Amino acid sequence: MTDIIIENIVASAKVSNNFDIEVLAENMPGSSYNPDDFDGLTIKFTEPKVAVLILSDGKVICTGAKSKEHVDESIKKTVDRIKKAGSKTKKDYKIELENIVASADFKKGLDLEQASKSLPQKNVTYYPKDFPGLIYKANEYNAAVLLFNSGRVVSTGAKTIDDASKSIKMLEEKLTSIGVL
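Read on for a plain summary of the structure.

Sheet topology places strand 1 (residues 4-14) next to strand 5 (residues 59-65); five bridges connect them, and they run antiparallel. Counted as the bridge partner of Ala13 is Val60 from strand 5. Counted between consecutive antiparallel strands, the loop separating strand 4 (residues 49-54) from strand 5 contains four residues, among which Gly58 sits at a positive phi close to 90°.

This part is about unusual backbone geometry. Cis geometry marks the peptide bond from Glu47 to Pro48; its omega dihedral reads -10°. Its location among the elements puts Pro48 in the loop between strand 3 (41-46) and strand 4. Residue Lys107 is not a glycine yet carries a positive backbone phi of 55°. Along the polypeptide, Lys107 turns up in the loop between strand 6 (95-105) and helix 3 (112-118). For Asn142, which is not glycine, the phi dihedral falls at a positive 50°. Mapped onto the elements, Asn142 comes out in the loop between strand 8 (133-138) and strand 9 (143-148). Judged by relative accessible area, Asn142 falls into the exposed class, the value being 52%.

Grouped together as the largest cluster of nonpolar side chains are 49 residues, with contacts concentrated most on Ile54, Leu134 and Leu147. Considering every element that reaches this core, the biggest residue donor is helix 4 (residues 161-177), with five residues. Filtering out sequence-adjacent residues up to four positions away, Leu134 remains in contact with Leu112, Ala115, Ser116, Leu119, Val124, Thr125, Tyr126, Val145, Leu146 and Leu147.

Whenever strands of a sheet pair, they do so through backbone hydrogen bonds, lying parallel or antiparallel. Read across the sheet, 10 strands follow the order 2-3-4-5-1-6-10-9-8-7 without closing on themselves; strand pairing throughout is antiparallel. Among the strands making up the open sheet, the edge pair consists of strand 2 (31-33) and strand 7 (124-125). Pairing of strand 2 with strand 3 involves three bridges; the strand directions are antiparallel. The partner of Ser32 across the bridge, within strand 3, is Thr42.

With respect to the helices and strands, Ser155 occurs in strand 10 (residues 152-158). Judged by relative accessible area, which is 0%, Ser155 ranks as buried. Excluding anything up to four places from it in sequence, Ser155 contacts Ile100, Val101, Ala102, Ala143, Ala144, Val145, Ala164, Ser167 and Ile168.

Further remarks concern the side chain of Ser16. Mapped onto the elements, Ser16 comes out in the loop between strand 1 and helix 1 (21-27). A polar side-chain atom of Ser16 sits 3.1 Å from the main-chain carbonyl oxygen of Asn18. With near-sequence residues (within four places) excluded, Ser16 lies in contact with Asp57, Gly58, Lys88, Thr89 and Lys90.

Before going further, it helps to spend a moment on helix 4. Over its 17 residues, helix 4 extends 25 Å from the first C-alpha to the last, a length consistent with the 24 Å expected when each residue adds 1.5 Å. Here helix 4 has its buried residues at Ala164, Ser165, Ser167, Ile168, Met170, Leu171, Glu172 and Leu175. The secondary structure elements touched by the buried residues of helix 4 are strand 1, strand 6, helix 3, strand 8, strand 9 and strand 10. Where helix 4 terminates, the next one or two residues include Gly179, which has phi positive at roughly 80°.

About the criteria used
- Residues numbered from 1 in each chain as written.
- Predicted model: local features only at pLDDT ≥ 70, side-chain atom pairs only at ≥ 80, totals over all residues.
- Heavy atoms only, no water.
- Pairing = 2+ DSSP bridges.
- Helix = DSSP H or I, 4+ residues; strand = E, 2+ residues; numbered from the N terminus.
- Buried < 20%, exposed > 50% of the residue type's maximum accessible area, 1.4 Å probe, protein only.
- Core = buried A, V, L, I, M, F, W, Y, C linked by side-chain atoms within 4.5 Å.
- Contact = heavy atoms within 4.5 Å.
- Polar contact = N/O pair within 3.5 Å; in protein donor to acceptor, adjacent residues only side chain to side chain.
- Expected span 1.5 Å × (residues − 1).

This is how it looks when you write it as structure tokens:
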């Protein structure tokens, strides 16, 4: 079975009812706020290497994490900074995974033309003049799996790490069964 790498996890949590972003920006060292570009506050962490966006509606969005633990740690650090800056947060908030991006390398060149004809048509989008890959909709995992002739594959859209991994494994099994892999 192919090794699957988690490339990015996007997650969110509603940690307050609302924030005064300008007040937070003034009182939160290490944050950046440029309302002409984005109407939220950004914090970049180096360990783990993620960015967290703080929105005026009380939501925080974490992006760039490679594990659920990194998501949890980054959002907790953000909530701690928000409190230190003098803003109130909820004691209980739920972190929701919004999008998992995972990748793998099948280490073999693939005939995308053959794959596009052999895989279930309702799941396949393949227009090589518009995009250099085949898109396979893995509906049971809420994921789109991008397949490239180099053998690289990227899953995006899944809401769990398990579903992202399963979408790649499922496609690997389908490609093997039709003789493309």
